[in-house]
Amino acid sequence: MRINKESWINHFKKLLNAEEDSTETKEENHKQRGREQGNWEVEEIAEDDFLNRDFGAEEVRQALNKMKTKKAAGEDGIAAEFYKNLPAEAMGISESFKTETGVRQGCSLSPILFNIFLEDLDVTLTKRKEEGTVIGKTKIFVMKFADDMVLLAEEAEGLRQMLKTLEKYVKKNKMEVNVTKTKIMVFRKGGKLKKEESRNFNGKELEIVGIYKYLGFWFSTTGTYSRQMRNVAGKAQKASNAGWGVMMSSRIKGLRRRAYLLDTLVKSGFMYSVEVWGWHNTNEWEKLQGRYMKMIMGLDRQTPAYICRLESGKTKVEVEARRRAGSYLLEIMDIGEERWPKACLLEEIRGLENNNPS
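Summary of the structure given here. (Residues numbered from 1 in each chain as written. Predicted model: local features only at pLDDT ≥ 70, side-chain atom pairs only at ≥ 80, totals over all residues. Heavy atoms only, no water.)

1. Quick notes on the nonpolar core
One finds Phe 82, Leu 261, Val 266, Phe 270, Trp 277 and Trp 285 to be the most contacted residues of the largest nonpolar core, which totals 26 residues. Mapped by element, the contributors of at least two residues to this core are helix 8 (226–250), helix 9 (255–270), helix 10 (274–277), helix 11 (283–297) and helix 13 (317–333). The dominant element in this core, judged by the number of residues it contributes, is helix 8, at six residues. When sequence neighbours within four positions are dropped, the list of residues in contact with Trp 285 reads Met 229, Val 232, Ala 233, Phe 270, Trp 277 and Val 317. (Core = buried A, V, L, I, M, F, W, Y, C linked by side-chain atoms within 4.5 Å. Buried < 20%, exposed > 50% of the residue type's maximum accessible area, 1.4 Å probe, protein only. Helix = DSSP H or I, 4+ residues; strand = E, 2+ residues; numbered from the N terminus. Contact = heavy atoms within 4.5 Å.)

Here is the structure:
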């Protein structure tokens with residue numbers, strides 16, 4: 001004997017003493033009543049992927065425009081007016097685009113794949129006994145990050161030989177080097193460069209520079225950080241001015257909220273790479289912090305900075321810089337000696353002990 005679906009429903013309704021119809025029966029009864037009262041049909045809602053789609057920039061803008069103004073701020077303490085006055089590029093959402101070759105923009109797989117492809121470059125330089133430089137007990141020839149490379153050599157002749165080897169390597173592997181962006185830096189403690197034979201790559205002469213920006217950090221031939229600190233201070237000042245404009249147009253009041261917003265916009269910029277330069281002079285940063293704290297407190301520019309810090313509870317930038325730089329050193333000391341940060345730190349300590357710091 002075959003039991004149909006309706007029999008099963010009635011059976012379990014009796015067991016559970018259910019008085020209401022099941023969901024399916026409800027829907028059918030609803031349709032039937034509609035037919036009897038108005039001869040209308042209940043349309044089935046077609047399934048689509050609307051809710052599964054990624055947010056677009058236009059959807060975000062529409063949602064922001066619908067936010068009510070002059071309302072209390074949420075848990076983050078930021079009023080809706082602030083978000084509504086942000087420029088489109090500050091939302092962090094670009095227009096949609098398709099990627100049909102390679103990997104997606106910003107994908108972490110990109111530098112991994114490229115490093116795997118270039119892995120044999122170190123083997124090639126080692127076999128040819130190229131120059132390189134010694135750190136601790138290990139010789140290092142090249143530093144690689146994504147598609148950026150740095151060749152290291154202690155003598156000019158050694159660098160020329162490494163460039164010739166690199167020429168053959170890229171040609172064999174069907175790669176190209178952007179000669180326009182490729183520069184040479186000679187690290188020294190002062191004095192003029194010796195007149196050396198020109199250094200070429202694929203027939204084009206490479207420029208020798210005194211400063212160079214690598215991975216967002218400005219390096220100088222003397223090993224100082226003044227250019228990096230001035231550059232980041234300038235960017236932080238621009239961020240401070242932009243944040244102040246948005247704050248005024250959004251009518252954000254209150255010392256705590258204003259300090260939070262400017263700290264978020266400014267500090268993230270001028271604290272970049274603080275683990276490296278944090279032990280050096282921070283006068284530029286102290287001036288910047290004092291300037292924007294006076295702005296949000298409505299104080300005269302001649303007001304002493306220590307009064308602002310006492311009133312706002314802020315500490316000097318130097319204190320945070322030293323703390324973060326110190327924490328980074330402690331982290332390095334806890335890793336294995338085979339890691340490059342640890343090897344470099346031990347090398348620097350040996351130099352300090354021998355009165356020969358880098």
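2. A few points about the environment of Met 247
Checked against the element boundaries, Met 247 lands in helix 8. Residue classification places Met 247 among the buried residues on the basis of a relative accessible area of 1%. Through-space distance from the C-alpha of Met 247 to that of Arg 257 is 9.7 Å; in sequence the pair is ten residues apart. Those residues within four positions of Met 247 in sequence are excluded, and the remaining contacts are Ile 252, Arg 258, Leu 261 and Leu 262.

3. Looking at the packing of aromatic side chains
The final tally for this structure, using the stated rule, is two aromatic pairs. When the ring of Phe 217 is compared with that of Tyr 225, the centres are 5.8 Å apart and the planes differ by 75°; the resulting orientation is edge-to-face. Note on Tyr 225: relative accessible area 21%, which makes it partly exposed. In textbook terms, an aromatic cluster arises when at least three aromatic residues are bridged by ring pairs, as seen for Phe 217, Phe 219 and Tyr 225. The ring of Trp 218 is capped by Arg 227, whose NZ or CZ atom sits 4.2 Å from the centre of that ring. (Phe/Tyr/Trp six-rings, centres within 6.5 Å; stacked < 30°, edge-to-face > 60°. Lys NZ or Arg CZ within 6 Å of the ring centre and 35° of its normal.)

4. Examining the pattern of salt bridges
When the charged atoms of two side chains with opposite charge come close together, those side chains can pair. In total, this model carries eight salt bridges according to the counting rule given. Between Glu 318 and Arg 322 there is a salt bridge, with the nearest N and O atoms lying 3.1 Å from each other. Of the two residues, Glu 318 and Arg 322 are both situated in helix 13; the distance of four residues between them amounts to about one turn of the helix. Between Arg 350 and Glu 347 there is a salt bridge whose closest N-O contact spans 2.8 Å. You can see Arg 350 and its partner Glu 347 sitting in helix 14 (residues 340–353), three residues apart, about one turn around the helix. Assessed through its relative accessible area of 33%, Glu 347 is described here as partly exposed. (Salt bridge = Lys/Arg side-chain N within 4 Å of Asp/Glu carboxyl O.)

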